[in-house]
Amino acid sequence: MKHFIDISDFTSIKLDKILIKAKHIKKNPEKFSNKCKNKTLGMILQKESTRTRVSFTVGFQKLGGNSLELNSSSIGFGKRESSEDILKTLSQYIDLLVIRNNDHKVIKKLSSLNALPIINGLSDYSHPCQILSDMLTINETIGNISNKQITWIGDYNNVLRSLIELQNLYGFKLNIVLPREILQKNKFKIKKLLNKKTTFTHLIREGIKYADCVMTDTWISMGEKTLKKKYFKNYQVNSMVMKLASKDAIFMHCLPAHRNEEVSSELLDSKRSVIWQQAKNRMFVQQAIALDLL
Ligand code: CP
Ligand code: NVA
């Protein structure tokens, strides 16, 4: 049984195929309007979500299928009944399940039961749907990701881990700018991640030079304590910071954005920002993932 849990579970050939399908769906949605007829997508989202919730729901409906969100407290996920028994029960009725939760191990464990194809809709560890669709947005806006330089400025978090896994497959240049304290805290993990094209620094000026794409994300991810926020005060991405990148560099953010914290409002709303295209592409890529799993 197929699942979509982490970018590192796939080859670039496989991910390319999913993106080709996503582009077809985006261009000719009517050709796909019956592909998931009589299929049902379930969603258990144990954290807040706007984009993931709506893009999966609407995307699956546009493929002719039904979607069903299961509120984890109404079904007593892992409380009223074990999560394994719930999954086996769901597999009697539905065809595909999106899970968002705070423990990657639970998603891995449930997928290993092979009761139902599972999509990781974000965990504490990774956010593969986001990064695969960000690759589509990069290819559309600045061209083939493999020849580009991406600079990440922010926290060492789930979105960044998926981006690092994507770098391993596509070999683009990835400069990661983290506050000194976050670098220090993750120094052993970082040591293992260094390769010829992946660098880490605490200096924005150094990491952003020649960047074709600058990405950031919230400083405090869902479920995390706010204590570390103080380390980020000099790490806002704004138009002044973007001046240090390549002339036509784009700005990306998976959203939700905290305006005037990790990113200035003026940059989010500027011409360099591709955030709305980025949000829109989630739907096409997830439709392609769903079709692939089914
Ligand atoms: N980017 C993203 O996954 O958004 P949501 O948390 O709103 O789903
Ligand atoms: N890193 C963020 C991503 C939100 C889509 C979080 O986990 O809250």
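Owing to the predicted nature of the structure, the values given are computational and were not obtained by experimental measurement. Residue numbers here run from 1 along each chain, matching the order of that chain's written sequence. Key to labels: chains lettered from A, ligands numbered from 1, both in the order written. Where totals are concerned, whole chains, interfaces and linings use all residues; where local detail is concerned, this predicted model gives features only for residues with pLDDT of at least 70, and gives and counts side-chain atom pairs only at 80 or more. Here the side-chain values reflect all heavy atoms present in the structure, with hydrogen atoms and water set aside.

Draft legend 1. Main features of the site of ligand 1. Throughout, the term near means that a residue has one or more heavy atoms lying within 4 Å of the molecule or strand in question. The environment of ligand 1 is made up of Ser-49, Thr-50, Arg-51, Thr-52, Arg-100, His-127, Gln-130, Cys-254, Leu-255 and Arg-282. Contact distances for ligand 1 include 2.9 Å between an oxygen atom and a side-chain N or O atom of Arg-51. Only the protein chains shown count as covering a residue, and every accessible area follows the Shrake-Rupley method with a 1.4 Å probe. Surface burial for ligand 1 is 96%, taken as the share of its 260 Å² of free accessible area covered by protein chains. By the convention adopted, Pro, Cys, Tyr, Trp, Phe, Met, Ile, Leu, Val and Ala count as nonpolar, Lys, Arg, Asp and Glu as charged, and the other residues, Gly among them, as polar. Looking at the shell around ligand 1, its residues break down into 2 nonpolar, 5 polar and 3 charged. The term polar contact refers here to a pair of N or O atoms within 3.5 Å; inside protein, the definition further demands a hydrogen-donor-capable atom paired with an acceptor-capable atom, and it admits residues adjacent in sequence only when both atoms are side-chain atoms.

Draft legend 2. Structural detail: the packing of helix α1 (residues 12-27) against helix α13 (residues 275-293). Fitting a line to C-alpha atoms yields each axis, with helices limited to the stretch in contact; the angle taken between N-to-C directions then spans 0 to 180 degrees. Think of it this way: any DSSP run of H or I at least four residues long counts as a helix, any run of E at least two long counts as a strand, and we number them from the N terminus. With their axes 8 Å apart at the nearest point, α1 and α13 run at an angle of 120° to one another. In terms of orientation, α1 and α13 fall into the oblique class. As for how α1 packs across α13, the hand of that crossing is right-handed. Contacts between α1 and α13 involve Lys-14, Ile-18, Leu-19, Lys-21, Ala-22, Ile-25 and Lys-26 from the former and Asn-281, Phe-284, Val-285, Gln-287, Ala-288, Ile-289, Leu-291 and Asp-292 from the latter. Roughly parallel refers to an angle under 35 degrees, roughly antiparallel to one over 145, roughly perpendicular to one between 65 and 115, and oblique to any angle outside these ranges. Left-handed is the label given to a crossing in which the near helix is rotated counterclockwise from the far helix by less than a right angle, and right-handed is the label when the rotation is clockwise. Contacts are assigned to residue pairs with any non-hydrogen atoms lying within 4.5 Å of each other.

Draft legend 3. Examining the packing of aromatic side chains more closely. Paired rings are identified among Phe, Tyr and Trp, the last through its six-membered ring, by centres lying within 6.5 Å, and are further divided according to the angle between planes into stacked (under 30 degrees), edge-to-face (over 60) and tilted (the rest). Applying the stated rule across the entire model yields 2 aromatic pairs. Centre to centre, the rings of Trp-219 and Phe-232 are 5.5 Å apart; their planes meet at 10°, and the pair counts as stacked. Of this pair, Trp-219 sits in the loop between β8 (213-216) and α11 (239-242) while Phe-232 sits in the loop between β8 and α11, placing them 13 residues apart in sequence. Across this residue pair, the class does not change: Trp-219 and Phe-232 are buried. A ring is scored as having a charge over it whenever the NZ atom of a lysine or the CZ atom of an arginine sits within 6 Å of its centre and within 35 degrees of its normal. Directly above the ring of Tyr-156 sits Arg-161, whose terminal nitrogen or CZ lies 5.1 Å from the centroid. When a residue's accessible area, from a 1.4 Å probe over protein chains only, is under 20% of the maximum for its type it is buried; when over 50% it is exposed; and in between it is partly exposed.

Draft legend 4. Examining the site of ligand 2 more closely. Taken together, the residues surrounding ligand 2 are Leu-122, His-127, Asn-157, Asn-158, Asp-217, Thr-218, Ser-221, Met-222 and Leu-255. Asn-157 has a polar side-chain atom sitting 3.4 Å from a nitrogen atom of ligand 2. At a separation of 2.8 Å, an oxygen atom of ligand 2 approaches a polar side-chain atom of Asn-158. Considered on its own, ligand 2 offers 270 Å² of accessible surface; in the complex 95% of this is hidden by protein.

Draft legend 5. Representation of the nonpolar core in the model. Judged by nonpolar contacts, the single largest core of 61 residues is most densely connected at Phe-4 and Leu-178. No other element matches α13, which puts 8 residues into this core. Residue contacts for Leu-178: discarding those within four places in its chain leaves Trp-152, Gly-154, Asp-155, Tyr-156, Leu-160, Leu-183, Ile-190, Phe-200, Thr-201, His-202 and Tyr-235. In terms of nonpolar packing, the next biggest core, distinct from the first, is built from 18 residues, Val-214, Met-242, Ala-245 and Leu-255 among them. By convention a nonpolar core is built from buried Ala, Val, Leu, Ile, Met, Phe, Trp, Tyr and Cys residues, the set being connected through side-chain atoms within 4.5 Å.

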